[in-house]
Amino acid sequence: MLFYGTPLTSPLMLGTAQYPSPEILASAVREAQAGVITVSLRRESAGQKAGQAFWSLIRELNVPVLPNTAGCHTVKEAVTTAHMAREVFETDWIKLEVIGDSDTLQPDVFGLVEAARILSEDGFKVFPYTTEDLVVAERLLAAGCEVLMPWGAPIGSGRGLNNVFGLRALRAHFPDVPLVVDAGIGVPSHAAQAMELGYDAVLINTAVAKAGDPALMARAFRLAVEAGKAAFEADPMEARDMAAPSTPLLGRPMLA
Ligand SMILES: CC(=O)[C@@H](O)[C@H](O)COP(=O)(O)O
């Protein structure tokens, strides 16, 4: 699948926040063999010394960067942050977050559609962090988005795919749109499940950054994503309500 005309080397997108150290972040990115890393402009102030070291590290990792507008609660904040990100990272890709509720970090889908339209008209390639709502998805596509990033569960919750039915419906409605499950993935089996549903990629931050061994967890996610993708491509069996013998019987044994 192409993301705005660009193939990814891996369907694993990795967040770069909350790691115990820059070295551990670097080893996690390497072990994940991430196709994309996402970076928040607002978490690491470009003016600070620590910020400068962070930017240098991000560049050295040599992985495509998807800047994000994490922490933005209004259209104006998100649009301004996207413009700053375009300058800093010299990319027109932007992961667009407009948060609507501070407790759940649920996206404000109304602000999201508006910001997506403004940024798309300004030449940005928008990756919107959204819900699994089909109507909102239609609006985002009409606003110029060519990728959708529905949540699995609230950011940082690690709850996995809360609404498998909704995510499956989104996949079925938009077979040609690149879809990424973003947020709420807690363990590798959640990522495998997303890929088994036919999603094109997953984005994970907290589950790797907050693991006891982030590099090992990054490797586990890489393997899970690979397994889930292969399973989808292998056309998995349908679940059944009733038992079906896995060993067909040919006649009955002759009992003495
Ligand atoms: C870094 C980033 O983009 C997050 O806002 C993202 O949504 C990941 O969520 P998790 O931390 O739950 O993986």
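- Under the annotation held in an unreviewed UniProt entry, the protein carries the name Thiazole synthase and is attributed to Acetobacter estunensis.
- Per UniProt, the protein has the following entry under Catalytic activity (unreviewed entry): "[ThiS sulfur-carrier protein]-C-terminal-Gly-aminoethanethioate + 2-iminoacetate + 1-deoxy-D-xylulose 5-phosphate = [ThiS sulfur-carrier protein]-C-terminal Gly-Gly + 2-[(2R,5Z)-2-carboxy-4-methylthiazol-5(2H)-ylidene]ethyl phosphate + 2 H2O + H(+)".
- In its Subcellular location (unreviewed entry) section, the UniProt entry covering the protein states "Cytoplasm".

Brief notes about the UniProt feature "binding site: 1-deoxy-D-xylulose 5-phosphate" (unreviewed entry) in the protein
Turning to step 1, where the next piece is worked out: When the UniProt feature table is mapped to this numbering, "binding site: 1-deoxy-D-xylulose 5-phosphate" (unreviewed entry) covers Gly156, Ala183, Gly184, Asn205 and Thr206. Across 51 residues in sequence, these annotated residues keep their C-alpha atoms within 8.9 Å of one another, forming a single compact spot.
Turning to step 2, where the next piece is worked out: By the element assignment, Asn205 lies in the loop between strand S10 (201–204) and helix H8 (206–209).
Turning to step 3, where the next piece is worked out: When sequence neighbours within four positions are dropped, the list of residues in contact with Asn205 reads Gly15, Thr16, Ala17 and Tyr19.
Turning to step 4, where the next piece is worked out: Following the sequence through the fold, Thr206 ends up in helix H8.
Turning to step 5, where the next piece is worked out: Residue class for Thr206 comes out partly exposed when judged on its relative accessible area of 22%.
Turning to step 6, where the next piece is worked out: For Thr206, the residues in contact, after removing those within four places along its chain, are Gln18, Gly156 and Ala211.

What about the site of the ligand?
Turning to step 1, where the next piece is worked out: In the region of the ligand, 13 residues are neighbours, and Lys95, Glu97, Gly156, Asp182 and Thr206 sit closest.
Turning to step 2, where the next piece is worked out: Contact distances for the ligand include 2.5 Å between an oxygen atom and a side-chain N or O atom of Lys95.
Turning to step 3, where the next piece is worked out: Gly184 places a polar main-chain atom, nitrogen or oxygen, 2.9 Å from an oxygen atom of the ligand.
Turning to step 4, where the next piece is worked out: Relative to its unbound accessible area of 360 Å², the ligand is 98% covered by the protein chains.
Turning to step 5, where the next piece is worked out: Per-class residue counts for the shell around the ligand are four nonpolar, six polar and three charged.

Some remarks on the confidence of the model for the protein
Turning to step 1, where the next piece is worked out: Per-residue confidence for the protein averages 93 on the pLDDT scale, and 96% of its residues sit at or above 70.
Turning to step 2, where the next piece is worked out: The ipTM for the predicted assembly is 0.96, set against a pTM of 0.93.

So, helix H5 (residues 134–142)
Turning to step 1, where the next piece is worked out: Taken together, the buried positions of H5 are Val136, Ala137 and Leu140. End-on, the buried residues of H5 take up no more than an arc of 105°, which puts them together on one face.
Turning to step 2, where the next piece is worked out: Next to the buried residues of H5 lie helix H4 (109–121), strand S7 (125–130) and helix H6 (164–173).
Turning to step 3, where the next piece is worked out: Two to three positions downstream of the cap, the backbone nitrogen of Val135 sits 2.8 Å from a side-chain oxygen, assigning the N-cap of H5 to Asp133.
Turning to step 4, where the next piece is worked out: At the C-terminal side of H5, Gly144 shows a positive phi close to 115°.

A few points about the pattern of salt bridges
Turning to step 1, where the next piece is worked out: Per the counting criterion, the structure on display carries seven salt bridges.
Turning to step 2, where the next piece is worked out: The closest approach of N and O atoms between Glu97 and Lys95, which form a salt bridge, is 2.8 Å. The two residues Glu97 and Lys95 agree in class, both being buried.
Turning to step 3, where the next piece is worked out: Between Asp182 and Lys95 there is a salt bridge, with its nearest N and O atoms 2.9 Å apart. Of the two residues, Asp182 sits in strand S9 (residues 180–182) while Lys95 sits in strand S6 (residues 93–96), which places them 87 residues apart along the sequence.

Comments concerning the packing of aromatic side chains
How two aromatic rings sit relative to each other is given by the distance of their centres and the angle of their planes.
Turning to step 1, where the next piece is worked out: Under the definition given, this model contains five aromatic pairs.
Turning to step 2, where the next piece is worked out: The residue whose ring lies beneath Arg171 is Tyr199, and the NZ or CZ to ring-centre distance is 5.9 Å.

Some points on the nonpolar core
Turning to step 1, where the next piece is worked out: One finds Phe3, Met13, Ile37, Leu96, Val126, Val202 and Ile204 to be the most contacted residues of the largest nonpolar core, which totals 76 residues.
Turning to step 2, where the next piece is worked out: Sort the elements by how many residues they give to this core and helix H3 (residues 75–89) lands first, with six residues.
Turning to step 3, where the next piece is worked out: Leaving out residues up to four positions away in the same chain, Val202 has contacts with Pro11, Leu12, Met13, Val180, Val181, Ile185, Ala191, Ala194, Met195 and Val225.

Observations regarding unusual backbone geometry
Both trends apply: most residues other than glycine have a negative phi, and most peptide bonds are in trans.
Turning to step 1, where the next piece is worked out: A positive phi angle, near 60°, is found at Asn62, a position not held by glycine.
Turning to step 2, where the next piece is worked out: Phi at Glu90 is positive, roughly 50°, even though this residue is not glycine.
Turning to step 3, where the next piece is worked out: As for its placement among the helices and strands, Glu90 is situated in the loop between H3 and S6.

Describing the environment of Leu148
Turning to step 1, where the next piece is worked out: Locating Leu148 in the fold gives a position in the loop between H5 and strand S8 (149–150).
Turning to step 2, where the next piece is worked out: Leu148 sits in the buried class, given a relative accessible area of 1%.
Turning to step 3, where the next piece is worked out: Along the primary structure Leu148 and Lys95 are separated by 53 residues, whereas in three dimensions their C-alpha atoms are 9.8 Å apart.
Turning to step 4, where the next piece is worked out: Aside from chain neighbours lying at most four places away, what touches Leu148 is Pro128, Ala137, Leu140, Leu141, Val177, Pro178, Leu179 and Val180.

Conventions we followed
Residues numbered from 1 in each chain as written. Predicted model: local features only at pLDDT ≥ 70, side-chain atom pairs only at ≥ 80, totals over all residues. Heavy atoms only, no water. UniProt positions renumbered as here; feature names shortened; annotations may be inferred. Helix = DSSP H or I, 4+ residues; strand = E, 2+ residues; numbered from the N terminus. Contact = heavy atoms within 4.5 Å. Buried < 20%, exposed > 50% of the residue type's maximum accessible area, 1.4 Å probe, protein only. Near = heavy atom within 4 Å. Polar contact = N/O pair within 3.5 Å; in protein donor to acceptor, adjacent residues only side chain to side chain. Areas by Shrake-Rupley, 256 points an atom, 1.4 Å probe, with all protein chains shown as cover. Nonpolar A, V, L, I, M, F, W, Y, C, P; charged D, E, K, R; others polar. pLDDT = per-residue confidence, 0-100. Arc of directions from axis to C-beta. Salt bridge = Lys/Arg side-chain N within 4 Å of Asp/Glu carboxyl O. Phe/Tyr/Trp six-rings, centres within 6.5 Å; stacked < 30°, edge-to-face > 60°. Lys NZ or Arg CZ within 6 Å of the ring centre and 35° of its normal. Core = buried A, V, L, I, M, F, W, Y, C linked by side-chain atoms within 4.5 Å.

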